[in-house]
Amino acid sequence: MTASGGAPTGSAVVAADAAGIAHAAEALRSGRLVAFPTETVYGLGADATNDTAVAEIYAVKGRPDFNPLIVHIPDADTAADYAKITPLGRLLMDAFWPGPLSIVLPRRADCRLSRLVSAGLDTVALRAPAHDVGQALLRASDLPVAAPSANRSGRMSPTQAGHVAASLPGPDQGGPAVILDAGACTVGLESTVVDATGDQAVILRPGGLSREDIEAALGGSYGPVADAHEIGPGGPRSPGMLARHYAPAKPLRLNAETAEDGEALLGFGPDAPGATLNLSAAGNTTEAAANLFTMLHDLDAGPAPAIAVMPIPDRGLGRAINDRLIRAARTEDDE
Ligand code: TXA
Ligand code: MG
């Protein structure tokens, strides 16, 4: 297997063609880590039934061990091998899989998945991704694949193969054996995580599927869709919702109208004078979501020592964008 596109010697990046996918599937089957594209972000995958391989994910990312992992499967039929499918879960799978939705369900008692993917909980988050390469890898490996975003814990999620190579160690230092390169992710934000263990859909993490779309699919059955923070203590929670997360290395200032000295301005909408980059000149939150991490990566690598972002409306995917930006802008002192 040779690295594609003139990648440096020792790089794990390979083209996501048939040979690359077969090589990656073999690496997964032998317990190695593989970075692969999904429609949301690149994932750092491991055989979800292999305790050692799953433990490697936590080690390479520097991820807290209380933060459970999403298990990727090809389709809804496979979900019943691992989880009890509640009626609400069934409805959500039928409406949105494959797609940017992770569904938290009760683990089956006889489930083959490593306990580590659930981080001590009696639930598991399942997702069927809608990316040809992700799908091909799941089918070629014939494994459930545990995969967080393929970045160091707390940092920005990768939307291109190069972001993965820059954030994680190389294959000889415990990093992924293979990084499958299929270009930029189309959604650009992680999946929406919904708790469907009961009879109310609770959004644990806003993401690439909007609350409006979920509400439309449920059509009033199962009551209103709730956000985890709207429910009192004792309700469903996502242990991974860390205060500081998704962060560039540079300081980030939110709700900026103009750039101050030393700042690059990340604009939104048609009225963005002086913006270095614009998330969506048309003011479209879906386009902005697709550009968010790519543009933050670019500004983090650019000359200005700080980044300012214009306000993003809290509708559609704007809610998930604002969730990411608020966490990214927090400093260590806020934790
Ligand atoms: O789009 C995505 O979701 C990407 C791609 C690779 O699929 N994956 C991803 O994984 O973003 P990660 O590990 O960065 O985020 C997983 C989120 C965390 O907030 C975690 O706490 C939550 O899902 N989660 C996983 N299992 C859970 C469970 N059993 N109960 C509650 N929350 C869970
Ligand atoms: Mg992540």
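These numbers were taken from a predicted model, which means no experiment stands behind them.

Notes on the overall build of the protein
Along its length, the protein carries 9 helices and 15 strands. When burial is assessed residue by residue, the protein has 53% of its 335 residues classed as buried. For the protein, contacts bridging at least 24 residues in sequence account for 68% of all contacts bridging at least 6. The centroid of the 25 positive side-chain charges in the protein is displaced by 4 Å from the centroid of its 39 negative side-chain charges.

Section: the pairing of strand β9 (residues 192–195)
Side chains Thr192 and Val194 of β9 all project onto a buried face; the interleaved residues Val193 and Asp195 project onto the opposite face, where all are buried too. Two strands pair when backbone bridges link them, and strand β5 (residues 101–106) and β9 are joined in this way by 4 bridges, in the parallel orientation. Bridged to Ile103 within β9 is Val194. Strand direction decides the pairing type here: β9 and strand β10 (residues 202–205), joined by 3 bridges, are antiparallel. Each residue of the ladder has a partner; that of Val194, found in β10, is Ile203.

What to know about the site of ligand 1
Thr40, Arg63, Asn67, His72 and Ser191 are the nearest of the 27 residues found near ligand 1. Taking Arg127, its side chain carries an N or O atom lying 3.1 Å from an oxygen atom of ligand 1. Between ligand 1 and Ser191, the relevant distance is 2.6 Å, taken from an oxygen atom to a side-chain nitrogen or oxygen of the residue. Bound to the protein, ligand 1 loses 97% of the 690 Å² it would expose on its own. When contributions to the shell around ligand 1 are tallied by element, the ones reaching two or more residues are β4 (70–72), β6 (123–127) and β10. Here the shell around ligand 1 gets 4 residues from one element, more than from any other, and that element is β6.

What about the packing of aromatic side chains?
For the structure on display, the rule yields 1 aromatic pair. Pairing Tyr246 with Phe293 gives two aromatic rings, centres 6.1 Å apart and planes at 35 degrees, and the pair type is tilted. A residue pair is termed long-range when its members are at least 10 positions apart, and Tyr246 in the loop between β11 (226–227) and β12 (252–253) and Phe293 in helix α8 (residues 285–301) qualify at 47 residues. Tyr246 gets classed as buried once you look at its relative accessible area, which sits at 3%. Classification of Phe293 by relative accessible area gives buried; the value is 1%.

Brief notes about the sheet that holds strand β8 (residues 178–181)
Across a sheet, paired strands are connected by hydrogen bonds in the backbone, their directions being either parallel or antiparallel. One open sheet holds the 11 strands; their spatial order is β1-β8-β2-β3-β7-β4-β6-β5-β9-β10-β11, and the pairing between them is mixed. Lying at the two open borders of the sheet, with one neighbouring strand each, are β1 (13–15) and β11. Taken together, the 4 bridges between β5 and β6 define a ladder with antiparallel strand orientation. Bridge pairing in β6 links Leu105 to Val124. Across the face of the sheet, helix α5 (residues 132–141) comes into contact with β2 (34–37), β4, β7 (145–146) and β8 while running at roughly 135 degrees to β2.

So, the domain arrangement of the protein
As a measure of interface size, the accessible area lost when the parts come together is often cited. When its domains are assigned, the protein resolves into domain 1 (13–181) and domain 2 (252–334). Spacing between the C-alpha centres of domain 1 and domain 2 amounts to 28 Å. Taken residue by residue, the interface counts 6 residues in domain 1 and 5 residues in domain 2. Regarding the contact of domain 1 and domain 2, the summed buried area is about 580 Å², with carbon and sulfur atoms giving 65% of it. Looking only at domain 1, the three residues that lose the most surface to domain 2 are Met156, Thr159 and His163, adding up to 74% of its buried area. The tally of links between domain 1 and domain 2 comes to 2 residue pairs in polar contact (both at pLDDT 80 or more).

A short note on the sheet that holds strand β14 (residues 277–278)
Spatial ordering of the open sheet is given by β12-β15-β13-β14, a layout of 4 strands whose pairing is parallel. A single partner strand is all that each edge strand has here, and the edge strands are β12 and β14. Where strand β13 (residues 263–267) lies against strand β15 (residues 306–309), 4 bridges are found, and the strand directions are parallel. Looking at the pairing, Ala264 lines up with Ile307 of β15.

Structural notes on the pairing of β15
Residues of β15 alternate between two faces, with Ala306 and Ala308 on one and Ile307 and Val309 on the opposite face, all of them buried. Bridging between β12 and β15 involves 2 bridges; their strand directions are parallel. The residue bridging Arg253 from the neighbouring strand is Ala308, located in β15.

Structural notes on the pattern of salt bridges
Following the criterion strictly, the structure yields 13 salt bridges and no others. Asp94 is the partner of Arg90 in a salt bridge, and the nearest nitrogen-oxygen pair spans 3.8 Å. Taken as a pair, Arg90 and Asp94 lie in helix α4 (residues 87–96) at a separation of 4 residues, close to a single helical turn. Salt-bridge contacts for Glu190 lead to Arg324; the nearest nitrogen and oxygen are separated by 2.9 Å. Of this pair, Glu190 sits in the loop between β8 and β9 while Arg324 sits in helix α9 (residues 318–329); the two residues are 134 residues apart in sequence, bridging distant segments of the chain. On the accessibility criterion, Arg324 (1% relative accessible area) is buried. Within the structure, one salt-bridge network assembled from shared partners comprises Glu190, Asp323, Arg324 and Arg327.

Thresholds, definitions, all that
- Residues numbered from 1 in each chain as written.
- Chains lettered and ligands numbered in written order.
- Predicted model: local features only at pLDDT ≥ 70, side-chain atom pairs only at ≥ 80, totals over all residues.
- Heavy atoms only, no water.
- Helix = DSSP H or I, 4+ residues; strand = E, 2+ residues; numbered from the N terminus.
- Buried < 20%, exposed > 50% of the residue type's maximum accessible area, 1.4 Å probe, protein only.
- Contact = heavy atoms within 4.5 Å.
- Lys, Arg positive; Asp, Glu negative; His and termini not counted.
- Charge placed at Lys NZ, Arg CZ, Asp CG, Glu CD.
- Pairing = 2+ DSSP bridges.
- Near = heavy atom within 4 Å.
- Polar contact = N/O pair within 3.5 Å; in protein donor to acceptor, adjacent residues only side chain to side chain.
- Areas by Shrake-Rupley, 256 points an atom, 1.4 Å probe, with all protein chains shown as cover.
- Phe/Tyr/Trp six-rings, centres within 6.5 Å; stacked < 30°, edge-to-face > 60°.
- Axes fitted to C-alpha atoms, helices over the stretch in contact; angles between N-to-C directions.
- Domains from an automatic or database assignment.
- Buried area = accessible area lost by both parts, 1.4 Å probe.
- Salt bridge = Lys/Arg side-chain N within 4 Å of Asp/Glu carboxyl O.

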